[in-house]
Amino acid sequence: MIRDQLVAALQAALDACGFPAPPGGLQLTAPKDPGHGDFTTNVALQLAKPLGLPPREIASRIQLELERARPPHLAGIEIAGPGFLNLHLAPSWLHEVLLAVVATGDTYGHGHALEGLRVNLEFVSANPTGPLHAGGGRWVAVGDALANLLAAQGAVVHREYYLNDAGNQLATFGRSLYARYRGEEPPEDGYQGEYLVEMADQMRAELGDRATEEDAREWGYRWAVEGVRHDLDRIGVHFDTWFSERRLHETGAVENVLDDLRARGFVYEDDGATWLRSTAFGDQRDRVLVKSDGAPTYLLADLAYHRDKFERGWEHLIDIWGADHHGQVKSIQSGMEALGYPAGEPEVLLGQLVRLQRGGELVRLSRRSGTIVTLADILDEVDPDVARLTFLLQSVDTAQTFDLDVVTAQSMENPVYYVQYAHARIASIGRHAAELGVERLPILDVNLGVLTHEREIELLRALAQYPEVLTEATGLRAPHRVTTWVRDFAKSFHGFYRDCRVIGDDPALTQARLWLAEACRLGLASALAILGVHAPDEMTRDPSIVLPDEA
């Protein structure tokens, strides 16, 4: 890749000057303003203090060496400001990008930074006490896209769903459902959602009139899990493992963790309870493992669960939790460190909730639950692709408003429609070429040097940036960065489609643009696959809708 070539050339120039490598390594970035070149580096500023020389003098000497041994595609070098080196490249480097996209195919942009790393990614893991809420739907989309990102960098990713089916919440849920089954109001501390009325009617139809509270709990548990599985299937997300908390208690794993922590000297008794000395690992306070009534806390079971993940051979653990659990992050990490696992395990991402909006007003009630908006409610309103991409528009750690009016419209404001329509347009170019009897020649027989229009260069630059986008999105655990690239790329392609006739009177230009369109298709399809969104070849369209590039 061109970046690697330029970094190697810069390092060779430093060696020729007798300069050391800069602290922190060579930094080469793409400037926001194309007028400042294709790449820029602050290496002269980094070396000013170690060398005791003015940055512009250092930059001048590096510039001279680069010009003496000019790497491929380097057209010009300028010194800007206090000592930045701006590198201007010939368009030929972008033509090599096109060749690379076509040669790599639908895995273009993928890397090997995490090659072979075995990652267990746990996400959603909602309590099996009712329908999956809209916020959980957001974590569905983010978790699955993150799994795809990690896999695209070579990791072996295991998607896991944890069923909290052994605690008080399930018991409370069972009592609440049993009350509805008997025609009574749920207990004051119970579940009040109207969905319990529907559940109770279904339970009576299946179990008759003699069900017990235990029957209600187990039937309701199965109903909730089946409902979640159905919702996940609708949005196209599938888990490799559904792990039951009950298994931890039945196998003695919870007690074993407590024994191991005690043997390691990190457990003590106080005020009738058993405590973890988590402050020894940076936690704000010590945490209770076993309450004074002898019941284990969620923390103790969570420690047993995460140890089980490691014992199953996973090397790195990532969890996506709701932001309301932020206070538990350091506790679980402290406990795992006390058990001898690396500091910072598991890695925890915190997700904010989703607010639904229609007609400019918040949607506060659900016809299904009465008190919450569920993922099923959203999927009843919009296509799964729409839900996925909308959930991925911004970072999961920021609150999100899901505007139903926008995402159901065929317009530029609907990000999914605009992006998918770009892919459909590309496919239509191929169909049109076939209708005219125009076939693409082998790409090595095509003169790509004719691709010089600003719209063509814009697309090629975006394709060149895509591998770095994937790398950064993976490292930052930020799939919304891929969404941003996709939306910007779709906008660029619609502009190209408007300004550049692909199949025209110039055979050489037609061939080059057909291959550019194919590279765009591959890049866009690759990014949409990361996000879990389909790349359609055809789309129905309301003829009254005018896209911005057609106005």
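Read on for an overview of the structure. (Residues numbered from 1 in each chain as written. Predicted model: local features only at pLDDT ≥ 70, side-chain atom pairs only at ≥ 80, totals over all residues. Heavy atoms only, no water.)

A closer look at the overall build of the protein chain
- Secondary structure summary: the protein chain contains 19 helices and 15 strands in total.
- By its C-alpha atoms, the protein chain is 85 × 65 × 40 Å across when sized along the principal axes.
- For the protein chain, buried positions account for 52% of its 551 residues.
- Total accessible area on the protein chain stands at roughly 24,700 Å², and carbon and sulfur atoms take up 49% of it.
- Counting 51 positive and 80 negative side-chain charges, the protein chain places the averaged centre of each group 2 Å from the other. (Helix = DSSP H or I, 4+ residues; strand = E, 2+ residues; numbered from the N terminus. Buried < 20%, exposed > 50% of the residue type's maximum accessible area, 1.4 Å probe, protein only. Areas by Shrake-Rupley, 256 points an atom, 1.4 Å probe, with all protein chains shown as cover. Lys, Arg positive; Asp, Glu negative; His and termini not counted. Charge placed at Lys NZ, Arg CZ, Asp CG, Glu CD.)

Overview of the side chain of histidine 423
- The topology assignment puts histidine 423 in helix α16 (residues 415-435).
- Overall, the relative accessible area of 2% leaves histidine 423 in the buried class.
- Contacts of histidine 423, omitting those with residues within four sequence positions, involve Arg521, Leu524, Ala525, Ala535, Pro536 and Asp537. (Contact = heavy atoms within 4.5 Å.)

Describing the environment of proline 128
- Checked against the element boundaries, proline 128 lands in the loop between β5 (118-122) and α5 (134-152).
- Classification of proline 128 as buried rests on a relative accessible area of 3%.
- When the C-alpha positions of proline 128 and alanine 253 are compared, they lie 21 Å apart, and in sequence the two are 125 residues distant.
- If we skip the residues at most four places from it in the chain, proline 128 touches Asn164, Asp165, Leu170, Phe173, Tyr221, Ala224 and Val225.

Examining α5
- When the terminal C-alpha atoms of α5 are compared, their 27 Å separation across 19 residues agrees well with the 27 Å that a helix rising 1.5 Å per residue should span.
- Counting buried positions along α5 yields 18 of 19 residues, so the element is predominantly enclosed.
- Looking one or two residues past α5, glycine 154 carries a phi angle of roughly 100°, positive in sign. (Expected span 1.5 Å × (residues − 1).)

Notes on the pairing of β5
- Counting buried residues along β5, four of its five residues qualify, which places the element largely inside the surrounding structure.
- Sheet topology places β5 next to strand β6 (residues 156-163); five bridges connect them, and they run parallel. In the sheet register, asparagine 120 faces β6, and the bridge partner there is histidine 158.
- Taken together, β5, α5 and β6 constitute a β-α-β crossover, and its handedness is right-handed.
- With four bridges connecting them, β5 and strand β11 (residues 316-322) associate as parallel partners. (Pairing = 2+ DSSP bridges. Right-handed = clockwise from strand over helix to strand, strands pointing away.)

Comments concerning the packing of aromatic side chains
- One pass over the structure, following the stated rule, counts 20 aromatic pairs.
- Consider the rings of tyrosine 162 and phenylalanine 243, whose centres lie 6.3 Å apart with planes at 35°: the pair is tilted. Residue tyrosine 162 is located in strand β6, and its partner phenylalanine 243 is located in strand β7 (residues 241-244); the two are separated by 81 residues in the primary sequence.
- Judged by its relative accessible area of 1%, phenylalanine 243 is buried.
- Measuring from centroid to centroid gives 6.4 Å for phenylalanine 493 and tyrosine 497, while their planes differ by 40°, and the two rings are tilted. Residue phenylalanine 493 and its partner tyrosine 497 are both found in helix α18 (residues 480-499); the two are separated by four residues, about one turn of the helix.
- By relative accessible area, which is 35% here, tyrosine 497 ends up partly exposed.
- Through a chain of ring-to-ring contacts, three or more aromatic side chains come together here, namely Tyr108, Tyr466, Trp485 and Phe489.
- Sitting over the face of the ring of tyrosine 181, arginine 204 holds its NZ or CZ atom 4.4 Å from the ring centroid.
- A cation over an aromatic ring shows up here: arginine 246 above the ring of tyrosine 221, its NZ or CZ 4.8 Å from the ring centre. (Phe/Tyr/Trp six-rings, centres within 6.5 Å; stacked < 30°, edge-to-face > 60°. Lys NZ or Arg CZ within 6 Å of the ring centre and 35° of its normal.)

Brief notes about helix α2 (residues 43-51)
- Those residues of α2 lying buried are Val43, Ala44, Gln46, Leu47 and Ala48.
- Tucked inside the fold, the buried residues of α2 contact α1 (2-17), β2 (39-41), α3 (55-68) and β4 (84-89).
- Positive backbone phi, approximately 65°, marks glycine 52, located one or two places after α2.

What to know about the sheet that holds strand β3 (residues 74-80)
- Taking strand neighbours across the sheet as the criterion, the four strands line up as β1-β2-β4-β3 in an open arrangement whose pairing is antiparallel. Lying at the two open borders of the sheet, with one neighbouring strand each, are β1 (28-29) and β3.
- Both β2 and β4 contribute to a ladder of three bridges, which runs antiparallel. Within β4, the residue paired with threonine 41 across the bridge is leucine 85.
- The strands touched by α3 are β3 and β4; relative to β3, the strand with the most contacts, the crossing angle is about 170°. (Axes fitted to C-alpha atoms, helices over the stretch in contact; angles between N-to-C directions.)

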